[in-house]
Amino acid sequence: MSDFGAPPEIPTELQQYNSYVEDPKWQRKFSIIWAVGVGLAVLASVPHVVRALRSGRLLRGWLFGVSEDLKNRNYSPAVSIDTVPPKSRRTVSGVLETLWSTTLWSLPGIELDLGQMIVIAAYLAVLIICITMNAQLMDNPNRAGFLALAQFPVVFLFGTKNSILSLLLGPGHGYEKLNYIHRWAGRGMFIGAAVHGAIWINNHIVFDLPILGQQKETSGVAAFGVLCVLILTSFRPVRRYFYQWFFLVHVLGYVSFFITICYHTIYAVPWIFPPLAFYGFDMLLRLFRYRIKDATLVPIDNNMTLIHVHDCDDGWVAGQHVRLRVFFSGRVFESHPLTILNAPPSSSCVPGNSLTLAARVLGDWTRAINQYANEEQERMVTEKGEQPGVPVQVMIDGPYGGSSIDLGDYESVLLVAGGAGATFTLGLLDDIVARCVKLGRPNGEKTRRIEFAWCIRSFGCIQWFAPMLTEIANTVAGTSLDLHVSVFVTCLCNPEEVPPIPNLDVTVSRPTVTALLRDLVSPPVLKGKAAEAEADAKSIESASEAGTVGEATPCASARLNWVGLGGGVGVCAAGPESLTREAQNAVARVSLTRGLELGGVGLHTELFAI
C-alpha cells in the first residue's frame with residue numbers, strides 16, 4: 001500500500017453518520033454530566049455528614065440494623081443531668097438555611113417542591129440535548145435508544161432501598177427522599193425509547209418494511225411494551241390504591257425488560273451491570289439487617305394498633321422507619337413501612353428495651369392486623385382474665401430514612417403532625433428531651449423550647465400515645481427545657497377522652513403551620529401585633545384558615561419561656577401531603593422575611609403517603 005501513497009480522506013461533510021460510533025459518545029457525555037451533579041451534591045453535604053458522624057447519627061444501624069445488647073439486659077433509667085445551654089447565635093448556618101429555604105415552595109397537586117423541580121428540569125434538559133444535538137434522528141433514531149439505555153444506572157442508584165448515595169448525602173436522604181429522581185429517570189428512559197421506537201416504526205412504514213418478524217424488531221417492540229406497562233403502573237393513583245399489585249408488576253416488569261432489551265441490542269449488555277451492582281448491594285445489606293423478633297400487638301381501639309418488638313436495644317435513630325412483616329393469618333409475604341415511635345433505650349424517656357411501631361388502620365393490611373389483635377385479645381381475656389397483648393413473630397428490615405436536621409442544633413423547635421404522622425414527631429420529641437434532660441446535652445444540644453402540635457380528628461385519638469406523651473412531659477417538668485403540647489381536634493367526638501397530660505392544651509380548631517411558626521418566634525410583647533399581622537396576611541394557607549372552628553388557637557409561646565432570637569428554629573412536619581406542603585411554604589415565607597434574624601429555619605418533612 002505504501003507504493004500507492006496514503007489512502008484518500010473523505011471530507012467530514014461527506015462522511016456517512018455512524019451511530020454505533022458517535023451515539024455511545026453521547027451516552028458517556030450524559031453519564032459524566034449527571035455523575036458530576038451527584039458529586040457536587042455529595043461535596044455540598046460534607047459538613048452535614050461530618051456533623052452526623054461526630055454525633056453518631058450517620059452509621060447507627062446502617063450496616064447491621066437493629067441490634068440487641070446482651071451484656072446490659074437489665075435496663076436502668078438514666079439519671080437526669082439537667083444543664084442550661086449557653087445563649088448561641090447561628091450566623092453562617094442561618095445564612096445558608098435562609099438561602100436554601102427559597103427552594104421549598106410547593107404548589108398543590110405537585111409532588112415536587114421548587115428545588116426538586118429545578119433538579120428534574122435540568123436532568124430532562126440535559127437528556128433532550130444529548131438526544132437531539134448533532135443527531136440525524138429522522139434518518140437514524142439510534143441516538144434516542146442509546147440515551148434510553150444510559151438511564152439504567154440512574155434509575156437503580158436512586159431507586160434501591162439501600163443506596164450508597166443515601167450514606168454519602170447524610171441522614172434524612174433515604175430512598176423515600178431520592179425516589180423522585182428514580183421515577184423521573186424512568187420517565188426519561190421512556191422518552192428516549194418512545195422517540196427511538198416511533199421514528200423507527202415511521203421509517204419502516206414509509207419504506208414498506210415489516211415491523212415485526214426479525215428478532216431485533218420483535219424484541220424491541222416487546223421491550224417497549226414492557227416499559228409502557230412499568231410507566232403506566234407507577235403513577236401515584238396506582239401506587240397509592242393498588243400498591244401490592246404495583247410492586248409485583250414492577251419487579252416482574254424490570255426483569256422482563258432486562259431480558260427483552262438484551263435480546264434487542266448487544267449494546268444494552270454493558271448498561272445492565274451497574275443496575276445489577278446497585279441491586280446486589282441493596283440485597284446484601286438487607287440480608288445483614290433482617291431480624292426475626294418476638295413482638296406483642298396491642299390494639300388501642302379500632303383505628304390503632306401498637307406493635308412492641310422485643311429485645312431491641314440499639315441500631316436506629318429517632319424518626320427512622322422499618323419495613324415490617326407480621327406472621328399472621330397467612331399474610332407473611334406482605335411488608336409495610338412503619339415509623340419507629342420511640343428513640344433507642346439509651347436516649348429515650350420511656351423505660352424498656354423494645355422498638356415500638358404504630359399501625360393506623362388505613363388499608364386492608366392494617367385493618368387485618370387490628371382485627372386479629374382485637375379478636376385474639378378477647379379470646380385471651382376470656383381464657384385468662386387479663387389483657388397482656390397478643391404475641392406474634394415479626395420480621396423487620398431497616399432502619400431507613402430519618403430526619404435531615406438535628407433538633408439539638410436549634411434553640412426553638414416546632415414539631416407538627418397530622419394523624420398518624422405523630423409517630424415521627426413523637427420519636428424526635430422523645431430523643432431530644434432525653435438528650436437534653438437525661439443525658440446532660442452530650443453533643444452540646446442548644447434546644448431550650450419545644451412546641452409539639454398534633455392535629456387529629458377526634459379526642460379519642462389522644463389515647464393512642466397518651467402514656468408516652470405523659471412520660472415525656474413528666475421528664476421535662478422542672479427542667480431547663482420548656483415543652484408545650486397543643487392538640488387540635490377537628491371533630492367534637494368523645495371530649496371525655498382527653499387524658500391528664502402536663503402542659504397540654506386541646507383546642508377544637510384547624511391551625512395553620514404559618515400561625516404556629518410565627519407565634520413561636522414572636523416575642524411576648526409583640527403577640528398582639530403578630531396576631532393582627534397574621535389575620536391580615538394573604539397566604540397559600542388562607543383556605544385552611546377559613547375552615548377553622550371553635551376556640552382560638554392557644555398562644556404557645558406565651559406558655560414557653562422566651563429565649564430571644566438568633567439561636568435558630570427547627571421545624572419538623574409529618575402527615576398528609578397538604579400538611580407537609582403547608583409546612584414548606586410556611587418556612588419559606590418566614591425565612592424570606594426573618595431568616596437571618598432568627599438564625600435560620602431548618603425544615604424536615606415526612607410525607608405519610610406512597
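Attention in this report is confined to the structure presented alongside it. This structure is a prediction, so every number in the text was calculated from the model and none was measured.

To continue, consider the packing of aromatic side chains. Summed over the entire model, instances satisfying the criterion amount to 20 aromatic pairs. Ring centres 5.8 Å apart and planes at 45° place the aromatic pair F152 and F257 in the tilted group. One end of the pair, F152, is in helix α6 (residues 152-157); the other, F257, is in helix α11 (residues 243-264), with 105 residues separating them in the sequence. In this structure, F152 and F257 share a single accessibility class: buried. Above the ring of Y175, the side-chain terminus of K161 is found at 4.8 Å from the ring centroid. It is R289 that lies over the ring of Y400; its NZ or CZ is 4.8 Å from the centre.

Bringing empty space enclosed by the protein into the picture now. According to the stated counting rule, one finds two cavities of 30 Å³ or more in the structure shown. Roughly 270 Å³ of internal volume is contained in the largest cavity. W62, S166, Q320, P399 and G401 are the residues nearest the centre of the largest cavity, which is lined by 23 residues in total. Elements supplying a minimum of two residues to the lining of the largest cavity: α7 (164-169) and β6 (390-401). With three residues, the top contributor of residues to the lining of the largest cavity is β6. Residues belonging to the lining of the largest cavity are distributed by class as follows: eight nonpolar, eleven polar and four charged. Quantified by volume, the second largest cavity comes out at close to 70 Å³. Looking at the second largest cavity, it is lined by 13 residues, and the ones nearest its centre are S412, G564, L565, G568 and V569.

Helix length check: helix α4 (residues 114-132), at 19 residues, gives a terminal C-alpha distance of 27 Å against a target of 27 Å (1.5 Å per residue), a fit within 8%. Check the buried side of α4 and you find it contacts α1 (19-44), α5 (142-149), α6 and α8 (175-206). With a side-chain oxygen positioned 3.1 Å from the backbone nitrogen of G115, the residue opening α4 is D113. N134 lies just past α4 and shows a positive phi near 55°.

Reading the values: the criteria
- Residues numbered from 1 in each chain as written.
- Predicted model: local features only at pLDDT ≥ 70, side-chain atom pairs only at ≥ 80, totals over all residues.
- Heavy atoms only, no water.
- Phe/Tyr/Trp six-rings, centres within 6.5 Å; stacked < 30°, edge-to-face > 60°.
- Helix = DSSP H or I, 4+ residues; strand = E, 2+ residues; numbered from the N terminus.
- Buried < 20%, exposed > 50% of the residue type's maximum accessible area, 1.4 Å probe, protein only.
- Lys NZ or Arg CZ within 6 Å of the ring centre and 35° of its normal.
- 1 Å grid on protein atoms, 1.4 Å probe; cavity = no way out; pocket = protein on both sides within 12 Å on 5 of 7 lines; lining within 4 Å.
- Points joined across faces, edges and corners; volume = space filled by probe spheres on them.
- Nonpolar A, V, L, I, M, F, W, Y, C, P; charged D, E, K, R; others polar.
- Expected span 1.5 Å × (residues − 1).
- Contact = heavy atoms within 4.5 Å.
- Polar contact = N/O pair within 3.5 Å; in protein donor to acceptor, adjacent residues only side chain to side chain.

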